[in-house]
Amino acid sequence: MFGDMMGMMGKLKETQQKVEETKKRLDHVLVDEQSNDGFLKVTLTANRTIKNVSISDDLMADKEMLEDYLITVFNKAIEKATNVNETELAAVAKEGMPNIPGMDMFG
């Protein structure tokens, strides 16, 4: 029994390391999003760090429209990045989880 516990602890430590590595890797996974007309483009990492924003001159003339675009496009980009992030981390966590009753919440 004790050996099983030690093995599990080692597995959890290994999984934690994999999670950390995955988080680092997600800094280099880029998610692009843009408005339907392409006037506003944003690039985020899968860890939801903004890397790039491109705003068309057409939007610069209309402050209210630009603000609306920023909110809409950033929210869509953050949602997309969050999905990538959660999918990647859940895959690592699931892979490292021994079949413990009640631990199948990642499924």
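Residues numbered from 1 in each chain as written. Predicted model: local features only at pLDDT ≥ 70, side-chain atom pairs only at ≥ 80, totals over all residues. Heavy atoms only, no water.

K.L.:
Can you break down the side chain of Thr-43 residue by residue, with the values?
P.N.:
Assignment of secondary structure puts Thr-43 in strand E2 (residues 40-45). The exposure class assigned to Thr-43 is buried, which follows from its relative accessible area of 13%. In terms of polar contacts, Thr-43 uses its side chain to reach the side chain of Asp-32, at 2.7 Å. When near neighbours in sequence (up to four residues on either side) are disregarded, Thr-43 contacts Leu-30, Val-31, Asp-32, Thr-49, Ile-50, Lys-51 and Asn-52. (Helix = DSSP H or I, 4+ residues; strand = E, 2+ residues; numbered from the N terminus. Buried < 20%, exposed > 50% of the residue type's maximum accessible area, 1.4 Å probe, protein only. Polar contact = N/O pair within 3.5 Å; in protein donor to acceptor, adjacent residues only side chain to side chain. Contact = heavy atoms within 4.5 Å.)

K.L.:
Kindly report on the sheet that holds E2, identifying the contributing residues and their values.
P.N.:
Ordered by their spatial adjacency, three strands build an open sheet running E1-E2-E3, and the pairing between neighbours is antiparallel. The open sheet has two edge strands, strand E1 (30-34) and strand E3 (50-55), and neither has a second partner. Sheet twist, expressed as the average angle between the axes of neighbouring strands with direction ignored, equals 10 degrees. Two elements, E1 and E2, share five bridges in a ladder whose sense is antiparallel. In the strand pairing of E2, Asp-32 is matched with Thr-43. (Pairing = 2+ DSSP bridges. Axes fitted to C-alpha atoms, helices over the stretch in contact; angles between N-to-C directions.)

K.L.:
Describe unusual backbone geometry, and please don't skip the residues or the numbers.
P.N.:
Phi is positive for Arg-48, close to 65 degrees, though the residue is something other than glycine. Assignment of secondary structure puts Arg-48 in the loop between E2 and E3.

K.L.:
Residue-level account of the pairing of E1, with values.
P.N.:
Burial along E1 is one-sided: Val-31 and Glu-33 are buried, while Leu-30, Asp-32 and Gln-34, pointing the other way, are not. In this antiparallel pair of consecutive strands, E1 and E2, the connection spans five residues, and Gly-38 shows a positive phi of 80 degrees.

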